[in-house]
Amino acid sequence: MFIGNIMQKFMISFLLVISLLVNSGLVNAAADLDVNTPAISALKNSMQSRHAQLAAHYASGAIGLTADGLIAVRDATALPLKDRQGINALVAAENNDRNALYKEVAAGNGHPEWQGEVRNIFAGRWIDKAQSGWYFQRDGGWVKK
Amino acid sequence: MKSILSLLTLTLALTACVTINIYFPAAAAEKAADKIIDEVWQLKDGVSTPASKPAESPAK
């Protein structure tokens, strides 16, 4: 009886401390994700300078945003002849950066397993923020925004 | 005493499981995504400058 009482009190305080620790961790994680790691900054800069080349192709419909947070060639005939050769490399380079970005956002916050969810969130936000006239994928088909 | 110890280890093991299964902070991820996309597409500082051509399209 007495031992049982002590044990109970001990267990309760132990659980309380643990739950406090877990909770504070959750609160921190929920408050913000760190996106200022050197790796993420480098990827952002790389994508930002590439966007100068990509912007016109989004607008012409030559490329579009995919449902998995990447980009793809949609209609190569919309490209000026001079750009047709390089478009695949440009798209591949952008997708490399995007994949690395999703990985870094997850890993940089201590949860590499979040990569898929981070990708899904980004996929939705790229499309939300796209200019009207740009194309994005929905249910396997291209939709003009 | 032995039962206390075994209970302790059991609790530790259980809480370890709980901490590993931390939920995905979707709202924070959206915020992070917005921040990054705004920078990559220069949506925030491009607003005031006439650099973006689509804004100049004539009204119908």
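## What about the pattern of salt bridges?
Should the charged atoms of two oppositely charged side chains come close, the side chains can pair.
All names here are of chain A.
Right, so step 1: Counted according to the given criterion, the structure contains 10 salt bridges over all chains.
Right, so step 2: A salt bridge links Glu94 to Arg50, with the shortest nitrogen-to-oxygen separation between them at 2.8 Å. Taken together, the residues span a long stretch of sequence, with Glu94 in helix α4 (residues 87-108) and Arg50 in helix α2 (residues 38-60) at a distance of 44 residues.
Right, so step 3: Asp83 is the partner of Lys82 in a salt bridge, and the nearest nitrogen-oxygen pair spans 3.4 Å.
Right, so step 4: Judged by relative accessible area, Asp83 falls into the partly exposed class, the value being 22%.
Right, so step 5: One continuous salt-bridge network, built from bridges that share partners, spans Arg50, Glu94, Asp97 and Arg98.

## Focus on the interface of chain A and chain B
Right, so step 1: Contact with chain A, which involves 37 residues of that partner, is made by 31 residues of chain B.
Right, so step 2: Taking both sides of the interface into account, the surface hidden between chain A and chain B amounts to around 3300 Å²; carbon and sulfur atoms contribute 77%.
Right, so step 3: Joining chain A to chain B, the criterion identifies 4 salt bridges.
Right, so step 4: Salt-bridge contacts for Glu39 of chain B lead to Lys44 of chain A; the nearest nitrogen and oxygen are separated by 3.3 Å.
Right, so step 5: Counting every contact that joins chain A to chain B gives 6 residue pairs in polar contact (both at pLDDT 80 or more).
Right, so step 6: For the side of chain A that touches chain B, the elements supplying multiple residues, two or more each, are α1 (2-31), α2, α4 and α5 (115-129) of chain A.
Right, so step 7: Ranked by residue count, the leading element in the side of chain A that touches chain B is α1 of chain A, at 11 residues.
Right, so step 8: Class assignment for the residues of the side of chain A that touches chain B results in 26 nonpolar, 5 polar and 6 charged.

## Describing the sheet that holds strand β2 (residues 71-73) of chain A
All names here are of chain A.
Right, so step 1: Taking strand neighbours across the sheet as the criterion, the 4 strands line up as β2-β1-β3-β4 in an open arrangement whose pairing is mixed. Of all strands in the sheet, those bounded by a partner on one side alone are β2 and β4 (141-144). Ignoring strand direction, the axes of neighbouring strands in this sheet form an average angle of 40°.
Right, so step 2: In terms of strand pairing, strand β1 (residues 63-65) meets strand β3 (residues 135-138) through 2 bridges, oriented parallel. Looking at β3, one finds that Leu65 is bridged to Phe136.

## Description of the confidence of the model for chain B
Right, so step 1: Per-residue pLDDT for chain B has a mean of 73; in total, 60% of the residues score no lower than 70.
Right, so step 2: When the criterion is pLDDT under 50, residues 46-60 of chain B qualifies, and its contacts beyond four places in sequence or with other chains add up to 3 contacts.

## So, the nonpolar core
Right, so step 1: Formed by 39 residues in total, the largest nonpolar core has its most connected members in Leu65, Leu101, Phe122 and Trp126 of chain A together with Trp41 of chain B.
Right, so step 2: Looking at this core, the elements with two or more residues in it are α2, β1, α4 and α5 of chain A together with α2 (26-40) of chain B.
Right, so step 3: Not counting residues up to four positions away in its chain, the partners in contact with Trp126 of chain A are Met47, Leu65, Gly69, Arg98 and Tyr102 of chain A together with Ile37, Val40 and Trp41 of chain B.
Right, so step 4: In terms of nonpolar packing, the next biggest core, distinct from the first, is built from 5 residues, Met7 and Met11 of chain A together with Ile4 and Leu8 of chain B among them.

Calculation notes
- Residues numbered from 1 in each chain as written.
- Chains lettered and ligands numbered in written order.
- Predicted model: local features only at pLDDT ≥ 70, side-chain atom pairs only at ≥ 80, totals over all residues.
- Heavy atoms only, no water.
- Salt bridge = Lys/Arg side-chain N within 4 Å of Asp/Glu carboxyl O.
- Helix = DSSP H or I, 4+ residues; strand = E, 2+ residues; numbered from the N terminus.
- Buried < 20%, exposed > 50% of the residue type's maximum accessible area, 1.4 Å probe, protein only.
- Contact = heavy atoms within 4.5 Å.
- Buried area = accessible area lost by both parts, 1.4 Å probe.
- Polar contact = N/O pair within 3.5 Å; in protein donor to acceptor, adjacent residues only side chain to side chain.
- Nonpolar A, V, L, I, M, F, W, Y, C, P; charged D, E, K, R; others polar.
- Pairing = 2+ DSSP bridges.
- Axes fitted to C-alpha atoms, helices over the stretch in contact; angles between N-to-C directions.
- pLDDT = per-residue confidence, 0-100.
- Core = buried A, V, L, I, M, F, W, Y, C linked by side-chain atoms within 4.5 Å.

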